Structures are given as C-alpha cells and as structure tokens.
Amino acid sequence: MGSVASRWLVPAVVVITGAAVAAGMVGRAVYSRPAEAQGSPAVPSSSVAGPVPGTSEVRLSPDSFTHPDRTSVQRVLQSYFDSINTLDFAAWRSVVSARRVSSTVESAWIAAYETTRDGSVVVQRVESDVVGRRLRVLISFVSTQDVSKAPPALPEPCIRWRVVYVLVWEGGELKVDEAPENRNPQMEKC
C-alpha cells in the first residue's frame, strides 16, 4: 500500500503546483494595470509639491488601480471635488446619495464650503463589501480654506486629510454616501 501512495504523490504535487502557477498567471492578468483608467498611478507623497492645495485631478494609487470599479470611483470623486471647488451645489447633489441630499440644506452647504479649495486628491484604496453594494474608499487630499471655516479641531488655512468615504450604488451609479466611516478623518496642518 505504501508504494501505491508514493506513485501518486509526485503526479499530485505536479498537478497542484501547475494549478497554483496557472492561478497566479490568471490573477496577474486580471489585476494588472488597466488601460482604461485615466491618468497614471499617483506616487504616495508626504508633501505637496508646488502651490497648495495642488492639482484638482483625482488620481489613483497603484493599489486602487487593481479594483474593478476604479473608473467609476475616480469619476464620481472627480465630480464631487469639482463641485466643492466651484461651489456648485446642484453638481454636488448629483453625485451624493439621496440620503445625503435629503439631510443637506443648500445655504448651509455653501456657507461651509465657500472658501474651500481641495486638491492633491489620491484614491489610496478601494474595498468592496461582501455583497458589492458599498465601497469603502480611502482618500488623501489637501484643503485650503479660511481659518474660520476650518474644522474646530484644527483651525488652519491648509489641512492634509486622510478620510474614508463610503460610496453606494443608486440607480446604477456610484454616489458618495453619509456613513459612520466618514466621521473620523485624520487631519494635520500642511
């Protein structure tokens, strides 16, 4: 019986090894940098080069390039930050969830963002929940604003942010939602 088991051991190891190599090659092909993503991956940086807040282009980190919804994430966040930078409430309303729209008063939104300029936005990571209905997106960006409009915890004219935004699918489109994850940003003075 021992010789029968040893005769099957070598072919079994060869088959398992071959399957692992094939799976690795398929994974590499599936998760390679996609041609349809806009721009190039952002290089993580601890400082902003040039004038703050930096470019208004939303960029993807090498890690976020691997997510299948990267293009939709980049598109909705570009519109989101553009609407803040141009103080366009209607545009902002079109890229946030119905729940978020219903809890936001236009005059309060304008007052909160009237001096804000966001830039150097990098999507660091995108994670899907189990059923694929929500995405958790880790973002870093720089904001400039009048000190009176800055967060009370950090009354500065220039802030580096690391936040998690939750995006949800509504009507076949990604929308920026209000969620507990959004409420604990990390921030530091530029």
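Quick caveat, the model's predicted, so the values are computed rather than measured.

A word on the state of the cysteines. Applying the stated criterion across every chain yields a total of one disulfide. The residue that forms a disulfide with Cys-158 is Cys-190, at a sulfur-sulfur distance of 2.1 Å. Note on the Cys-158 and Cys-190 pair: the S-S dihedral is about -70 degrees, so by sign convention the disulfide is left-handed. Taken together, the residues Cys-158 in strand β4 (residues 158-170) and Cys-190 in the segment after β6 (186-189) connect sequence positions 32 residues apart.

Overall, the coordinates contain eight salt bridges when judged by the stated rule. When the shortest N-O distance is used, the salt bridge between Arg-100 and Glu-178 registers 3.8 Å. Pair noted here: Arg-100 is in helix α4 (residues 98-102) and Glu-178 is in the loop between β5 (173-177) and β6, with a separation of 78 residues, a long-range link. With a relative accessible area of 11%, Arg-100 lands in the buried category.

Mean pLDDT over the protein chain works out to 81, with 73% of the residues at or above the 70 mark. Across the protein chain, helix α3 (residues 89-95) holds the top mean pLDDT of 97, while helix α1 (residues 2-30) sits lowest at 48. Low confidence marks residues 17-48, where pLDDT is under 50. Its contacts with residues over four positions away, or in another chain, come to 37 contacts.

To continue, consider the side chain of Arg-100. Separated by 3.2 Å, the side chains of Arg-100 and Tyr-80 make a polar contact. Beyond its immediate stretch of four places on either side in the chain, Arg-100 contacts Tyr-80, Trp-92, Val-176, Asp-177, Glu-178 and Asn-182.

What follows is about the environment of Glu-188. As for its position among the elements, Glu-188 is in strand β6. Placed 30 residues apart in sequence, Glu-188 and Cys-158 show a C-alpha to C-alpha distance of 8.6 Å. Apart from the residues within four sequence positions on either side, Glu-188 is in contact with Leu-154, Cys-158, Ile-159 and Arg-160.

The rules we used
Residues numbered from 1 in each chain as written. Predicted model: local features only at pLDDT ≥ 70, side-chain atom pairs only at ≥ 80, totals over all residues. Heavy atoms only, no water. Disulfide = S-S within 2.5 Å. Helix = DSSP H or I, 4+ residues; strand = E, 2+ residues; numbered from the N terminus. Salt bridge = Lys/Arg side-chain N within 4 Å of Asp/Glu carboxyl O. Buried < 20%, exposed > 50% of the residue type's maximum accessible area, 1.4 Å probe, protein only. pLDDT = per-residue confidence, 0-100. Contact = heavy atoms within 4.5 Å. Polar contact = N/O pair within 3.5 Å; in protein donor to acceptor, adjacent residues only side chain to side chain.

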